[in-house]
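Secondary and tertiary structure notes
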Amino acid sequence: MDPRTLDAQARHTGHCCWVEMRAFELLGAWSASVPEPEVKAMVATHSRQRAWHAELWHDLLPTAGDGGIEGFITPANAGVEAFVEALAQPEAPERTIEKLAGAYRVLTPRTVAAYTEQLADASPITDGPAIRALRLVLADQVEHWREGEAMLQALLRSGRDVDRAAGHQARLEALLVEADGILGTGR
């Protein structure tokens, strides 16, 4: 990781935890609402894995300090929070295409990119536990990305479906550009 104060590292880890917690909640809610059984099963599995990723980040947070662990678990900025709110917007069951486009064409690739950059910047001397967490999380999320994109591809049956996916993806990407990435670090 780039040289930062312990407090800055804890805030960054807390941002990772926050993103994973929101992904867990969102995918879990979708598993109850999407009509397609195969999508339901996939997002339920990914939701549980995202919960575990949040636990990994949570366990890396310092226990000392005035605010305690929970004080670090926040979005990187208001733009990231707005992105997650927009990601959750296609609530209707018939909006599976938008849900999958948001989760697997924006959220997951952005977390993979941010975590990959974080791993590249990590020092084996000072960041051993974070490196292990990053490798575990990245392995899962690259697999999520692959599975989610394949599922979305199976649902794209018309030009209108493609437009729906692309439009939702573009709206969400624009929000993340304004937020300076999913972790507020440019990715």
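Note: the structure precedes this text.
Below is a short write-up of the structure. (Residues numbered from 1 in each chain as written. Predicted model: local features only at pLDDT ≥ 70, side-chain atom pairs only at ≥ 80, totals over all residues. Heavy atoms only, no water.)

Some details on the nonpolar core
- With 49 residues, the main nonpolar core has W30, V43, W57, F83, L100, Y115 and I182 as its most contacted residues.
- Elements with a contribution of two residues or more to this core: α1 (6-33), α2 (37-60), α3 (78-87), α4 (96-121), α5 (128-155) and α6 (159-178).
- Among the elements that take part in this core, α4 stands out by supplying ten residues, more than any other. (Core = buried A, V, L, I, M, F, W, Y, C linked by side-chain atoms within 4.5 Å. Buried < 20%, exposed > 50% of the residue type's maximum accessible area, 1.4 Å probe, protein only. Helix = DSSP H or I, 4+ residues; strand = E, 2+ residues; numbered from the N terminus.)

What to know about the pattern of salt bridges
- Following the criterion strictly, the structure yields nine salt bridges and no others.
- In this structure, R164 engages E98 in a salt bridge whose closest nitrogen and oxygen atoms are separated by 2.7 Å. Here R164, found in helix α6, pairs with E98, found in helix α4; they are 66 residues apart in sequence, far enough to count as distant.
- Residue class for E98 comes out buried when judged on its relative accessible area of 5%.
- For R164, the salt bridge is made with D161, and the minimal N-O distance between the two is 3.6 Å. Taken together, the residues R164 and D161, both in helix α6 and three residues apart, mark about one turn of the helix. Each member of the pair R164 and D161 is classed as buried.
- One continuous salt-bridge network, built from bridges that share partners, spans R95, E98, D161 and R164. (Salt bridge = Lys/Arg side-chain N within 4 Å of Asp/Glu carboxyl O.)

Quick look at the layout of surface pockets
- In this structure, the largest pocket spans a volume of roughly 250 Å³.
- Contributing to the lining of the largest pocket are twelve residues, with L6, Q9, A10, T13 and L60 lying nearest its centre.
- For the lining of the largest pocket, the elements supplying multiple residues, two or more each, are α1 and α5.
- Per-class residue counts for the lining of the largest pocket are eight nonpolar, three polar and one charged. (1 Å grid on protein atoms, 1.4 Å probe; cavity = no way out; pocket = protein on both sides within 12 Å on 5 of 7 lines; lining within 4 Å. Points joined across faces, edges and corners; volume = space filled by probe spheres on them. Nonpolar A, V, L, I, M, F, W, Y, C, P; charged D, E, K, R; others polar.)

Some details on the environment of A41
- Note that A41 resides in helix α2.
- Sequence spacing of A41 and V106 is 65 residues, and the spatial spacing of their C-alpha atoms is 20 Å.

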